Amino acid sequence: MSMVQPGMAQSGMAQSGIERADIAFEVNGAAVRVSVPPVRRLSQVLRDELRLTGTKVGCDAGDCGACTVLVDGDPVCACLVPAASVLGASVTTVEGLANGRLSALQASFLEHGAAQCGICTPGLLIAATALLERNPTPSEAETQEALGGVLCRCTGYRKIVAAVMQASRHMNGIDLRLPDVGHAVGASPIRLDGVPKVNGTEKFGGDSFPADALSVLVVRSPHYHAGFSFGDLDAWVKAHPGIAGVFTAADIPGRNCFGVIGPFADQPALAEGFVRLRGEAVALVAGEREAILDLDLTDFPITWTELPHVLQPREAKAEGAELIHSHRPANLLTSGYVERGDPEEALAGAAATVSGAIETSFVEHAYIEPEAGYAYMDGDTLVVVACTQAPYMDRDDTAKVLGLPVEKVRIVPTATGGGFGSKLDVSLQPLIGLVAMKTGRPAALAYTRNESMMSTTKRHPAEMKATIGADADGRITGMVFEGDFNTGAYASWGPTVANRVPVHASGPYATPNYRATGYAIHTNGPIAGAFRGFGVPQATIMQETLYDELAGKLGMDRLDFRLTNCLRDGCETVTGQRLESGVGIGECLEQLQPHWARALAEAEAFNAAATGKKRGVGVASCWYGCGNTSLPNPSTIKVGISASGDVVLHQGAVDIGQGSNTVITQICADALGLPLDKFKLKSADTAITPDAGKTSASRQTFVTGKAAEKAGRALREKILRFANVSEQATIALDGANLSIREGDAARRIDLAGLKADADGLVFVAEETYDPPTLPLDAKGQGKPYAVYGYGAQIAELEVDLKLGTVKLIKITAAHDVGRAINPVLVEGQIEGGIAQGIGMALMEEYIPGRTENLHDYLIPTIGDVPPVEHILVEVPDPEGPFGAKGLGEHVLIPTAPAILNAIRHATGVLVTKVPATPSRILAAIREKEARR
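Predicted, not measured: the structure shown is a model, and the values here were computed from it.

Parameters and conventions
- Residues numbered from 1 in each chain as written.
- Predicted model: local features only at pLDDT ≥ 70, side-chain atom pairs only at ≥ 80, totals over all residues.
- Heavy atoms only, no water.
- Salt bridge = Lys/Arg side-chain N within 4 Å of Asp/Glu carboxyl O.
- Helix = DSSP H or I, 4+ residues; strand = E, 2+ residues; numbered from the N terminus.
- Buried < 20%, exposed > 50% of the residue type's maximum accessible area, 1.4 Å probe, protein only.
- Phe/Tyr/Trp six-rings, centres within 6.5 Å; stacked < 30°, edge-to-face > 60°.
- Lys NZ or Arg CZ within 6 Å of the ring centre and 35° of its normal.
- Arc of directions from axis to C-beta.
- Contact = heavy atoms within 4.5 Å.
- Pairing = 2+ DSSP bridges.
- Axes fitted to C-alpha atoms, helices over the stretch in contact; angles between N-to-C directions.

Engineer: Could you clarify how one ought to interpret the pattern of salt bridges in this entry?
Structural biologist: Any two side chains of opposite charge can pair, so long as their charged atoms come close to each other. Inspection of the entire model under this criterion finds 45 salt bridges. Here Arg598 and Glu602 are joined by a salt bridge, their closest N and O atoms 3.1 Å apart. Of this pair, Arg598 and Glu602 both sit in helix H17 (residues 585–609), 4 residues apart, which is roughly one turn of the helix. We classify Arg598 as partly exposed; its relative accessible area is 26%. Its relative accessible area of 34% is what places Glu602 among the partly exposed residues. One salt bridge connects Lys810 with Glu869, and the closest N-O pair in it is separated by 2.7 Å. On the criterion of sequence distance, the pair formed by Lys810 in strand S33 (residues 806–816) and Glu869 in strand S34 (residues 868–873) is long-range, its members being 59 residues apart. By sharing partners, the salt bridges in this structure join Arg20, Arg40, Asp48, Glu49, Arg289 and Glu290 into a single network.

Right, here's the structure in full:
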């Protein structure tokens, strides 16, 4: 039995008894004076005392660089600088980079699409500013060295490097003019929400806490499985001045259970009597901000009793293993299954077969913005202002936990500093909502990096095995796949992964005889949820590495083997879905052929001369169904024209950096026939925007974009009918006048003279789109998705045979996007996905209790991402808006298997435990040598 351990709650540095000091210094050219403890972090002083929230906090440990500022011209991490050390100094934050206009560097960031979610952008701009003041025309190596201390999880860094190197070209600012009418789709205007990302005014989850808000700490379990009991909580509160109260599961007025998939919901907001995983929340402490900053929780009255735990699926499935949830036998959450033809017979008769097994690890999302937000009561309505990917899902779960009607909960998303799937699950929303309800005060909470990484969802580790066979002509005849996916202590998106994997495990290839099963297994490990691909990246590693081996057995070129087997228009998938049109994987592979030939020739020449290092080339493909699997997946968009002549777009798709605010507006603009510069965006807010669904599964451009296209066309039709003209007419806005012209005839409508609705709109249309899918039957046959995206990538690398280290040389990526609505944003998504795929392949391995920070958990830095050549393939799909398909998930999927195949090409060995760290590569090489 033990008391709570230090570090198991969100808490600042213990500062009890530290006296304040008056500290005078200069910020952005203005003299300031603050009264704070001398050891208070400069980042806290800037944000909390001076309200300069452009300086971001991602780790409080100097690992991420998001808080970089200039102190007397030198870049430093503000989270590591005590306030006393800036006495008399000059500090520059992102807000001080330009006076009322954009600096050349900020303009270059916008032009290049170098800011995606924007949470790391201020730190990068500051670090780059220091570089450019010393060297206005830096090389790529100099740029990478100067920016190496700032992490970005979205962009893949390549556009950042280009923006810094080319900043001098933007001394006169940037042309903010938007595309002409009818030409928005296919153009690359800067992000419509881009300027706040580069000037420091964008508000993320922790940037606008009310001054009178109570600060909230979460007491969390230090154990994987344990019982607990509380001591005298009232006495503890009385002994700590400034503490407003402690709240436990007993205070929750509703149903203490949430989950993203209703029938599987199983997670308590606050644990009741026992915990199932390390980091699980058991209590909340609310108090005044200064009291919370000074609070030391080592004396918090809780007693723990450790219980047995299991962390691996093989242990959880073992006979006699304790059930993590009593109603789920064998710790099986659920399974997915697809069967077609007779795979055993096909494999028995195949000219060549290969079998293998691959194991992958937990992968941390590592967005630079930890979860943050605040809640308050607006009359009898609870308002939660926080980062999220799914406002309507947050609303429903928060209402259930707190016992409120859904109409009495309002979710207002802030800017979201990266999500990648983890911010689909509720985290702090019901917690801060509970405190606000119980105290009547606003309640604010920002997770520390440690508790974010400890308590939030991860990519599912997988233990997979498969066999694939082909005939003598190199055509696939059959495949069998089976995978155990460690879903952790609670369900989260485990059912989605278990069902999506069997549909996709064949890859984008014709596979007439097939069986695949995916199992989601409970353990006491971290909760595994959604992460860019929902299990498909893991399954693709298994399938694509076997494809290389099978091509070798057949004596075929690896790229040719894939071209021989890839899906084409008219093919049927493993679920029996006939793909009538829009299948672009063949064109992606064909576009790679000259790059493949060049890379192989260069590798052969290099290897003929080198000894200690060998070069390898790998290729892998992907496909991905856009949206939910065989489930309703609607989005609704409302657009109207106001009496003052604005086009008001109620756009509820949360932009987490992928660009939906811009792309969906581009689609609507061309459908309506009015220019982008007339649009005013009303972003996601459950009180004012229709439900555009969650930002996940590469659905927003396709599904919400289609709804926006429909709404734009419907609004146009209403206007034309009102004016009694044909579809050939053009419309234009001139102030509060709407002009309609057809041939020589013209008409002007005074919008101010028309009756406006409650939103101030005189013309309005609201449309919903739900992709046409069909359920899967008992054998997984049906139409799970209306649209698929496709892609293929080549990885070129060198392996040091003595050290086991990998140096990436180049990634060439061909992706079928249907129609590139905004090519610069498409390129950014490709580069960002590739960077995350590099991490998954080579370095990222979340180990509970060991890698709960950004120092021990490694993600790619600016020096780890090689040049990326993107080839945009546009094979339109009739379902997509202007033919567009989703992209966000697809771009990560082929990267890891292409890298693993390239390592095998270089060394002759396949690393079967991912990531392929130097030690694992060396072990595989030595094992091969020992077999000789």
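Engineer: Can you walk me through the packing of aromatic side chains in this structure?
Structural biologist: Centre distance and the angle of the planes are the two values used to describe a pair of aromatic rings. As enumerated under the stated definition, the model contains 14 aromatic pairs in all. Note on Phe230 and Phe300: the rings are 6.4 Å apart at their centroids and 90° apart in plane angle, and the pair reads as edge-to-face. Here Phe300 lies in the loop between helix H8 (289–293) and strand S12 (302–306) and Phe230 lies in strand S8 (residues 226–230), a separation of 70 residues in the sequence. On the numbers, 6.2 Å between centres and 20° between planes, the contact of Tyr374 with Tyr376 is stacked. Looking at Tyr374, the relative accessible area reads 12%, which means it is buried. What makes Tyr376 partly exposed here is its relative accessible area of 26%. Between Lys423 and the ring centre of Tyr367, over which it is positioned, the NZ or CZ distance is 4.2 Å. Cation over ring: Arg459 sits above Phe531, and NZ or CZ is 4.3 Å from the ring centre.

Engineer: What exactly am I supposed to notice about helix H4 (residues 140–147) here?
Structural biologist: For an α-helix, 3.6 residues make a turn, and residues three or four places apart therefore share a direction. Those residues of H4 not exposed but buried are Thr143, Gln144 and Leu147. Projected down its long axis, H4 carries its buried residues within an arc of 95°, all on one side. The outward face of H4, more than 90 degrees from its buried face, is lined by the exposed residues Ala141 and Glu145. Packed against the buried residues of H4 are helix H3 (121–134) and helix H5 (158–165).

Engineer: Could you clarify how one ought to interpret the sheet that holds strand S16 (residues 372–378) in this entry?
Structural biologist: Hydrogen bonds between backbone atoms are what pair the strands of a sheet, whose relative direction is either parallel or antiparallel. Taken together, the 7 strands give an open sheet; going across it, the order is S9-S11-S7-S19-S16-S17-S18, and neighbouring strands pair in mixed fashion. The open sheet terminates on both sides in strands that have one partner only, identified here as strand S9 (243–247) and strand S18 (409–413). Sheet twist, expressed as the average angle between the axes of neighbouring strands with direction ignored, equals 25°. Looking at chain direction, strand S7 (residues 214–220) and strand S11 (residues 281–287) are connected through 6 bridges and run antiparallel. By the bridge assignment, Arg220 is partnered in S11 with Ala281.

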